[in-house]
Amino acid sequence: ARPTSSSSQLHIFSPSRAAMLQSAWGRFTFLRTSLGLVVVAAAGLLPSSVSAQFYNFCHDGINTVEFIDDGGNASVDVMVVQAPLFSTNPKVGQKLKHLKMFHTALVFAQTLEDERRHWTLEFDFIAGSIFNGIAPVIANGTMVWNNDARYCLTRGILWERDHWTQAFDQVHRLTADQARRLFQEFIFPFNSSAPGSFPQYELWRLRTPPSNADGGQLSSDERKIQIHDVTCADGVTWVLHFIEASLGVVRAEKYQLLASTVAVDADALEEVDHTDPNVWADLIRCYENVNDIFHGAGIFRKFWDAHKVLSMQYIYDTNSHKYYRK
């Protein structure tokens, strides 16, 4: 399921499909619940963790998946798998599990007779390092964002079974025909969406503060999400939603997907007019500072300055393509 921008294979992401995913977003209380929140003080760990975590996304991805006919007897297991974030980096290992930061993916396994075959499906930022998505490329007074997030399908269990230490949970069992429909009707068309179209990777989740104007404390459900994050767990959520809503395969018991979230509190967001030359100049200065933080020399300086990213004046919603002032 390699991302592709080839015009001969291009299927523009349709409004109806976007509406379906918006519906899936609305089911977060059913499918996706945060394991924990990365507070500002913890965000300083990100620069050291990610700097050695750059890899070419989907370099060994495949464009087809061959499920063997099973005569309508369900044979394809769908498993949610999780591992501590950046644990493929030996210097990081399992450390980020203590901050409840995990990468989420899906493994498909078909068993017929004595043979069991596996495939791994990830949804992720395609540009290698998430630092490439925190700030735009700035040149000659322009800002270019590269935040495409897409699926990648690989053969086998990616990084082997022992890598997925947090979760390896079977959530559905499909027939071969249902598994083919999942890929043909959802994943492959989804993955050939035009570059720059929904979904765009969004690291931050902006939400209202935990207390209201009267000083009362608000529950998690009462706090309004102002900008949705879009990360690896969303891709998993959308696949599970398609299996239930479109294929009609429903679990006897509800499955709660626990996922990591980087949350930022903001009282209110004000959309700014980026066509105003003065506002645009201010936005460029803001994101030049962000680039300096993450691409400047000295890892200890990055630790010291990382909190500035979460406290910066502006934020860009990669999926609405709007800039806001916090």
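Residues numbered from 1 in each chain as written. Predicted model: local features only at pLDDT ≥ 70, side-chain atom pairs only at ≥ 80, totals over all residues. Heavy atoms only, no water.

> I'd like a description of the state of the cysteines, backed by residues and values.
Inspection of the entire model under this criterion finds one disulfide. A sulfur-sulfur distance of 2.2 Å marks the disulfide that ties Cys58 to Cys152. Linking Cys58 and Cys152, the disulfide has an S-S dihedral of approximately 90 degrees and is accordingly described as right-handed. In this pair, Cys58 is assigned in the loop between helix H3 (45-51) and strand E2 (76-84) and Cys152 in strand E7 (residues 149-155), connecting sequence segments 94 residues apart. Relative accessible area serves as the criterion here: at 3%, Cys152 is assigned to the buried category. (Disulfide = S-S within 2.5 Å. Helix = DSSP H or I, 4+ residues; strand = E, 2+ residues; numbered from the N terminus. Buried < 20%, exposed > 50% of the residue type's maximum accessible area, 1.4 Å probe, protein only.)

> With reference to specific residues and values, describe empty space enclosed by the protein.
Overall, the coordinates contain four cavities of 30 Å³ or more when judged by the stated rule. Roughly 100 Å³ of internal volume is contained in the second largest cavity. In terms of lining residues, the second largest cavity is bounded by 13 residues, among which Gly133, Ile134, Trp145, Glu202 and Trp204 are the most central. For the lining of the second largest cavity, the secondary-structure elements that each account for two or more residues are helix H4 (131-134) and strand E13 (314-317). Looking at side-chain class alone, the lining of the second largest cavity contains nine nonpolar, three polar and one charged residues. (1 Å grid on protein atoms, 1.4 Å probe; cavity = no way out; pocket = protein on both sides within 12 Å on 5 of 7 lines; lining within 4 Å. Points joined across faces, edges and corners; volume = space filled by probe spheres on them. Nonpolar A, V, L, I, M, F, W, Y, C, P; charged D, E, K, R; others polar.)

> Provide a residue-level description of the sheet that holds strand E3 (residues 102-112), including the pertinent values.
Overall, antiparallel pairing links the five strands, which are arranged E7-E4-E3-E2-E8 in an open sheet. In the strand order of this sheet, the two ends are held by E7 and strand E8 (167-174), each with one partner. For this sheet, the mean angle separating the axes of adjacent strands, direction not counted, is 25 degrees. Relative to strand E4 (residues 115-125), E3 runs antiparallel, the two being bridged by seven bridges. Each bridged residue has a counterpart across the sheet, and for Ala109 the counterpart in E4 is His118. In this fold helix H5 (residues 176-191) packs onto E2, E3, E4, E7 and E8, with an angle of close to 140 degrees to the strand it touches most, E7. Sheet contacts for helix H6 (residues 232-245): E2, E3, E4, E7 and E8; angle to E3, the most-contacted strand, approximately 40 degrees. (Pairing = 2+ DSSP bridges. Axes fitted to C-alpha atoms, helices over the stretch in contact; angles between N-to-C directions. Contact = heavy atoms within 4.5 Å.)

> Tell me what's going on with the pattern of salt bridges, and back it up with residues and numbers.
If you walk through the whole model with that rule in mind, you get ten salt bridges. A salt bridge links Asp229 to Arg205, with the nearest nitrogen and oxygen atoms 3.0 Å apart. With a gap of 24 residues between them, Asp229 in the loop between strand E10 (225-227) and H6 and Arg205 in strand E9 (residues 204-207) connect regions that are remote in the sequence. Given a relative accessible area of 11%, Arg205 falls into the buried group. Three or more residues are tied together by salt bridges with common partners; here these are Asp69, Asp177 and Arg180. (Salt bridge = Lys/Arg side-chain N within 4 Å of Asp/Glu carboxyl O.)

> Please provide a residue-by-residue account of the nonpolar core, values included.
Of all hydrophobic cores here, the largest spans 65 residues; its most connected members are Leu182 and Tyr287. Sort the elements by how many residues they give to this core and helix H7 (residues 277-295) lands first, with eight residues. Apart from the residues within four sequence positions on either side, Leu182 is in contact with Phe108, Leu174, Ile187, Val239, Phe242, Ile243 and Leu247. Of all hydrophobic cores here, the second largest spans eight residues; its members include Val81, Val107, Ala109 and Ile157. (Core = buried A, V, L, I, M, F, W, Y, C linked by side-chain atoms within 4.5 Å.)

> So what's going on with the pairing of E13? Which residues, and what values?
Regular strands place their side chains on alternate faces of the sheet. Here E13 shows two buried faces, one formed by Tyr314 and Tyr316 and the other by Ile315 and Asp317. In the sheet, E13 pairs with strand E14 (residues 322-325) via four bridges, with the strands oriented antiparallel. Pairing of Tyr314 across the sheet is with Arg325, part of E14. Adjacent in sequence and paired antiparallel, E13 and E14 are bridged by four residues, among which His321 carries a positive phi angle near 60 degrees.

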